[in-house]
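# Observations on the three-dimensional arrangement
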Amino acid sequence: MFSKALFKQSCKANGLMWLIITIMECFMLACVMCISGSGNIGSTKNTFENTIITGEIDSAIEKRSITYYAYATDGLKTFDEDFKNYYIQDVTDSTIYSAKVDAWLGAKPVLTDYSDQETYLAAISTWQNSFPTYEKESEKIYAYYYNEWLKAAPDSTKFTDQQTYLAAVNAWMAQKPQPSSTSATSAYSSAVTSLETHIEEEMLKVDSTYTKDSDEVKEVKGDVFYALNPMHNFDSFFTDNNEEIPADYDVTNIVLHISSNDVDTYLSSDERYNYISDRCSNSSSIFIAQNLTTESSINAIMDSLSEYGITRDLYDSFGYTYSNLKHTANLTIASYQAQYDYELTNINKNYADGKYATVDEYKEAISKANDEIITNLSSSLIASLPEEISNALEEVGKLDLYSLVVGTIFYKMAGLLLPIIYMIMVSNNLIAGQVDSGSMAYVLSTSTKRKTVTFTQASYSILSLLGMFICTTITSCICLANVHLTSSSLDYPRLLLMNLGAFLVLFALSGLNFLTSCTFDRSKRSMSIGGGLSMFALVATMLGLFGTDVIPQVIRLTALDYFNYASIITLFDVSSIVDMSTTFIWKFAILFAFGLVCYIAGSIIFKKKDLPL
Amino acid sequence: MDTIEIKNLTKDYGNKRGIFDINLTIKKGEMLGFVGTNGSGKTTTIRSLMGFIKPTSGHCFINGKECWKNASENAKNIGYVPGEIAFPDLKTGNEFLKNQAEFLHLKSGDYANEMTKKLQLDTSANLKRMSKGMKQKTALVAALMGNPDIILLDEPTTGLDPLMRVAFMNLIEEEHHKGKTILMSSHMFEEVQESCDRVALISDGHIIDIVSMNDIKNRPCKDYKIEFLNKEDFKKFMELGFNAARVQKKYNQVTVNIKNDEINVLFKELKGLKVKFISEIPYTLKRHFDEVLKVENN
């Protein structure tokens, strides 16, 4: 089955060619891998890619800043409105209640009215128990302050003279809780509670699956409440970020304007609007800067960017620090405010001119303008370009240039050329060349069977190609170990698969050439048909490359894709290897089967045909 | 059993080319010459014997084994010198012979060395730069080094100079004397008639005639060409009634066919006549075949 002498003869005849081709192939591979891996190749692409990515991140930050700012301003406006309503109600309630309490205090039993101490104490006890009951929050708070005030009443026994006692009593009387001031406290607390409910309701409108404990709801609540900072509960938020603690949220002005009966005008005034805006823009930008610099959110960002090949180091180099983020957020909010003001003024003017038939239309115009401003401000580089160009740019950004160069350009095309030339020459030399010249006679006249001849020659053909690709595999692994890649998915398993793929392509094509070599008696015919088909396959692959999706859309020529259907090399699916999908496996199997069938068919044909020896 | 037996062998290449209904047997130890013009089918017949081509019909056997099916088995006993010498892609003659020895599983190269000495062959020469003669000799050494019983030679002497041809033929005759069965094709009659036992003539794919060289050499009558000095003697001789095969009055020449045992009668008659010269015209193979072909064409 196997002839050592013939194998040796084939080695001697083709060994030098094998050596030269292998050295050239490995040298070429090393050059391609080292030069394109040294960073020159990717720099343009990386700059480009980074511009796109930072653009995307900026846009996300801007969008979020505006969103947070919008939530905060909306929250504070709601708070103001609620506070106003609660306050008016509470003042009414607590005034009535305070009258009751005053009446109750006036009914305090006097000692002189009682005969003995005992009955007096019993009366006092009854009196104390008859303190007016409270139901509402405002009444409760008034009662609390009232009791505190009562407890602080000056004790006559502690005073030496009547005069100082009276002075103390007067001072104490001045401290008496007023419904107007206790109502401020109760209304504040009620407004805080209802604000929380308001946010939850608002968030439910955004997404009905949100609950009170959803991260998103908590986040918005945090945003709004940091802006409000009720009772200095969130001072630590500011101190932790080395920021100034804002002053107490101003309700005094609301109370004042309630008493002066122009509260509604005040709440919709520019003065109040600016106050809320400043407060919200400050806290929102702190909030977003703090939020995006936490470890967990950076990890989340890294996850979504990993497909672009962004590493943590690279991300850090983009400079998304706390202060930069805050600055960006501040700027965005400021320009949002300015644009919104401008648009609002226009709309209001139009409204005044009667351009909007209904209030709903007017409100719609406002919300539309608002959306437009947000879109404009937060639009990324990609979103601001026409869709086709932005898709193309995104593709370029995602392009794994190194895998493309090594996998598609080298292993699937340029690197195949030399082995194909070797394979064409060798396949021809092994059978047809020897039949054509007649030297095969010396082999066959020595009781060597034809089956042995084909088996030995096929073995030589396959083993020499295998040897060649073992050399390229080793070369490529050494090169990969010596280049420092920043953004390529090319690793050792992929590299091995690429080498295997290139070998299988050569196996299939050498099968084809072996078949023609076995079929034809003339070298020129065997070479021109087998070699011609092989070269056609290679050239078709080169042309077809410009139609495949590995080429960015901008320079892709879709029509050339048809060439891929005419070439067996297409079955070497580099994209699938790079993506590590399983498609390449069955394509490899087809290549292998094709080669095997060709080799077997060649052997059978050679065994049966007439030899002109 | 005949060593080589060809029965109704036909290989039709179309357009009347090929060989048709060839029947030929070669006994053990016999050397057969196979003569014919270029393209008459000599090579095709030999290729059939080697099992390189499959006959359209008919069979050929070597030692009783069908050639196409048992090609590799038969090859063990055959030394083959192809008509067109082309060596494998190796450097020197030595390398080639060593490689061939490996194919033949030969343990020693003594016999090959002996032959190269006899042929005065420099085997260290580059195969590509060898002259035609050197190539031919190398091929012969390669064919004979395994000491096969049957030797098939396809026009082995074509392109050799006369001296080389002699050395070459001597070696083949030596093998013949050792009892090897030899089939040698040639388009030169002289070559085969000197050394072969029998000669087959092939023309346009058909065997025209097979003759034993003994029959040619030991014919019962011979032709003699006689020229007389004058017309009178010529006329006198013509009147004697010898069997004249050819008469050339202009030159006073006559060619007579004389039976071997009547040769003395001729000399007796010539005694009184003035003879310019007398020579025997040898009956060559060529002449024989010319005559056969003449008959055939008529």
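Residues numbered from 1 in each chain as written. Chains lettered and ligands numbered in written order. Predicted model: local features only at pLDDT ≥ 70, side-chain atom pairs only at ≥ 80, totals over all residues. Heavy atoms only, no water.

### Concerning the overall build of chain B
Assigned secondary structure in chain B consists of eleven helices and 14 strands. Here chain B holds 298 residues, and 49% of them are scored as buried. Taking contacts inside chain B between residues at least 6 apart in sequence as the whole, the part at least 24 apart equals 69%. Looking at chain B as shown, the accessible area adds up to about 15,100 Å², and 48% of this sits on carbon and sulfur atoms. (Helix = DSSP H or I, 4+ residues; strand = E, 2+ residues; numbered from the N terminus. Buried < 20%, exposed > 50% of the residue type's maximum accessible area, 1.4 Å probe, protein only. Contact = heavy atoms within 4.5 Å. Areas by Shrake-Rupley, 256 points an atom, 1.4 Å probe, with all protein chains shown as cover.)

### Points about the packing of aromatic side chains
The geometry of an aromatic ring pair is captured by two quantities: the separation of the ring centres and the angle between the planes. All names here are of chain A. Applying the stated rule across the entire model yields 43 aromatic pairs over all chains. Relative to F234, the ring of Y226 has its centre 5.4 Å away and its plane inclined at 85°; by these criteria the two rings are edge-to-face. Seen in terms of ring centroids, Y226 and F237 are 3.7 Å apart; in terms of plane orientation they differ by 5°. Their pairing is stacked. Remark: F237 occurs in helix α8 (residues 235-240) and Y226 occurs in helix α7 (residues 215-228); sequence separation between them is eleven residues. In this structure, Y226 and F237 share a single accessibility class: buried. Put simply, the rings of Y68, F225, Y226, F234, F237, F238 and F287 touch in pairs and so form one group of aromatic residues. (Phe/Tyr/Trp six-rings, centres within 6.5 Å; stacked < 30°, edge-to-face > 60°.)

### Observations regarding the confidence of the model for chain A
When the pLDDT values of chain A are averaged, the result is 84; 93% of them are 70 or greater. Considering each helix and strand of chain A separately, the mean pLDDT is smallest for helix α16 (residues 387-398) of chain A, with a value of 63, and largest for helix α24 (residues 583-608) of chain A, with 94. (pLDDT = per-residue confidence, 0-100.)

### A look at the interface of chain B and chain A
The interface is formed by 30 residues belonging to chain B together with 27 residues belonging to chain A. Interface of chain B and chain A: buried area, both sides summed, is about 2,400 Å²; carbon and sulfur atoms make up 56% of it. Taken together, the connections running from chain B to chain A amount to three salt bridges. Note that E95(B) is salt-bridged to K12(A), the shortest N-O span being 3.7 Å. Our count for the contact surface shared by chain B and chain A stands at nine residue pairs in polar contact (both at pLDDT 80 or more). Going through the elements one at a time, α1 (42-50), α2 (71-75), β6 (78-81), α3 (93-103) and α5 (132-144) of chain B are the ones with two or more residues in the side of chain B that touches chain A. By residue number, the principal contributor to the side of chain B that touches chain A is α3(B), which donates six residues. Class assignment for the residues of the side of chain B that touches chain A results in 18 nonpolar, four polar and eight charged. (Buried area = accessible area lost by both parts, 1.4 Å probe. Salt bridge = Lys/Arg side-chain N within 4 Å of Asp/Glu carboxyl O. Polar contact = N/O pair within 3.5 Å; in protein donor to acceptor, adjacent residues only side chain to side chain. Nonpolar A, V, L, I, M, F, W, Y, C, P; charged D, E, K, R; others polar.)

### Focus on the pairing of strand β4 (residues 57-62) of chain B
Residue and element names in this part refer to chain B. Taken together, the five bridges between strand β1 (residues 4-14) and β4 define a ladder with antiparallel strand orientation. Its bridge partner lying in β4, K7 is registered against H59. For β4 and strand β5 (residues 65-66), the ladder comprises two bridges, and the chain directions are antiparallel. Paired with I62 across the strands is K65, a residue of β5. Where β4 folds back on β5, the antiparallel hairpin that results is connected by two residues, among which N63 adopts a positive phi of roughly 50°. (Pairing = 2+ DSSP bridges.)

### A closer look at the pattern of salt bridges
As enumerated under the stated definition, the model contains 31 salt bridges over all chains in all. A salt bridge links E30(B) to R198(B), with the shortest nitrogen-to-oxygen separation between them at 2.4 Å. Within this pair, whereas E30(B) is found in the loop between β2 (17-26) and β3 (31-35), its partner R198(B) is found in strand β9 (residues 198-203), the two being separated by 168 residues in sequence. An identical accessibility class is assigned to E30(B) and R198(B); each is buried. Linked through salt bridges whose partners overlap, the residues forming this network are D80(A), D250(A) and R272(A).

### Details of the side chain of T138(B)
Relative to the assigned elements, T138(B) resides in helix α5. We classify T138(B) as buried; its relative accessible area is 0%.

### Focus on the sheet that holds β1(B)
All names here are of chain B. Sheet architecture is open: four strands sit in the order β2-β1-β4-β5, paired in antiparallel fashion. Two strands bound the open sheet, and with one partner strand each, they are β2 and β5. On top of the sheet, α1 reaches β1, β2 and β4; it is set at about 120° to β1, its chief contact. (Axes fitted to C-alpha atoms, helices over the stretch in contact; angles between N-to-C directions.)

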